[in-house]
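Structural characterization, general
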Amino acid sequence: MKESQKKSTTPNIKSKIINFKTPAVLNLNYEKGFDFVENNSGNLSYNPIDGNPGQTGITFTIDSNGNTIGFIHSHFDKPNMSPIFTLEDLKTLNAIDIYRSTNGKPRTNITIMLVSRAGVFALVIEDFTLMKNYGDNLQDPEIFKKQKDEYDGDPATMVTDDDVIKQVLHILPKYGLGLYKANDNLDGWNKLSYNPN
């Protein structure tokens, strides 16, 4: 992984991140989350959403009027739980982008965030053409299944959290996405980039 510094442009949700970045949340057996919904004045509301106990995954409802601009969620600390965004997370990000685009709303503030044992991460769209060309395919179940195999990589080589993160970093540019990791004090973000070494 290679890092470059970037000032945070994400919604001011530091307190939500702090609440998620605790053993109490990461030791649960389900995911916790909040979606970010923008009202007509541009203010955000945060709506809590929990996953089902004993199951990986969380279901976010994306506003069809394009008012959802993102979400934050946790991946609880379980050995087979990904330390980084899954392809299902990218599919939800893409749905947010589709509704924002369809409703003529700004797309530059779309952000999804993750708190896991590996840290605090954010995904942002950096190339909207690539997100349209490749991301929209995630909505097709057959294409999604094929892309999931590529995204997840060879399970035999995914030994450490760094292995998984490197695999994801290798794939994300195809979707026009940038991956950022928060500083320990949550006052800024470092962009991560793929480095095979």
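Here we summarise the structure given alongside this text. Owing to the predicted nature of the structure, the values given are computational and were not obtained by experimental measurement.

Conventions we followed
Residues numbered from 1 in each chain as written. Predicted model: local features only at pLDDT ≥ 70, side-chain atom pairs only at ≥ 80, totals over all residues. Heavy atoms only, no water. Helix = DSSP H or I, 4+ residues; strand = E, 2+ residues; numbered from the N terminus. Rg over C-alpha atoms; globule rule 2.2 N^0.38 Å. Axes fitted to C-alpha atoms, helices over the stretch in contact; angles between N-to-C directions. Parallel < 35°, antiparallel > 145°, perpendicular 65-115°, else oblique. Contact = heavy atoms within 4.5 Å. Nonpolar A, V, L, I, M, F, W, Y, C, P; charged D, E, K, R; others polar. Salt bridge = Lys/Arg side-chain N within 4 Å of Asp/Glu carboxyl O.

Concerning the overall build of the chain
For the chain, the count of helices and strands is 6 helices and 8 strands. Secondary structure elements in the chain, listed N-terminal to C-terminal, are β-α-α-β-β-β-α-β-β-α-α-α-β-β. A globule of 197 residues ought to have a C-alpha radius of gyration of about 16 Å, and the chain, at 16 Å, matches this closely. Dimensions of the chain, computed from the C-alpha atoms along their principal axes, are close to 45 × 40 × 35 Å.

A few points about the packing of helix α5 (residues 141-152) against helix α6 (residues 161-171)
It is at 8 Å that the axes of α5 and α6 come closest, and there the two elements cross at 125 degrees. With respect to α6, the axis of α5 lies oblique. Note on element contacts: α6 touches α5 through Q167, V168 and I171, opposite E150, Y151 and D152. Each residue belonging to the contact of α5 with α6 can be placed in one class, and the counts come to 3 nonpolar, 1 polar and 2 charged.

Notes on the pattern of salt bridges
This model, assessed by the stated rule, comprises 10 salt bridges. Here D50 makes a salt bridge to K32, at a shortest N to O gap of 3.2 Å. Of this pair, D50 sits in strand β3 (residues 44-50) while K32 sits in strand β2 (residues 32-38); the two residues are 18 residues apart in sequence, bridging distant segments of the chain. For R107, the salt bridge is made with D97, and the minimal N-O distance between the two is 2.7 Å. Placement of R107 in the loop between α3 (87-102) and β5 (111-116) and of D97 in helix α3 is noted, with a sequence separation of 10 residues between them.

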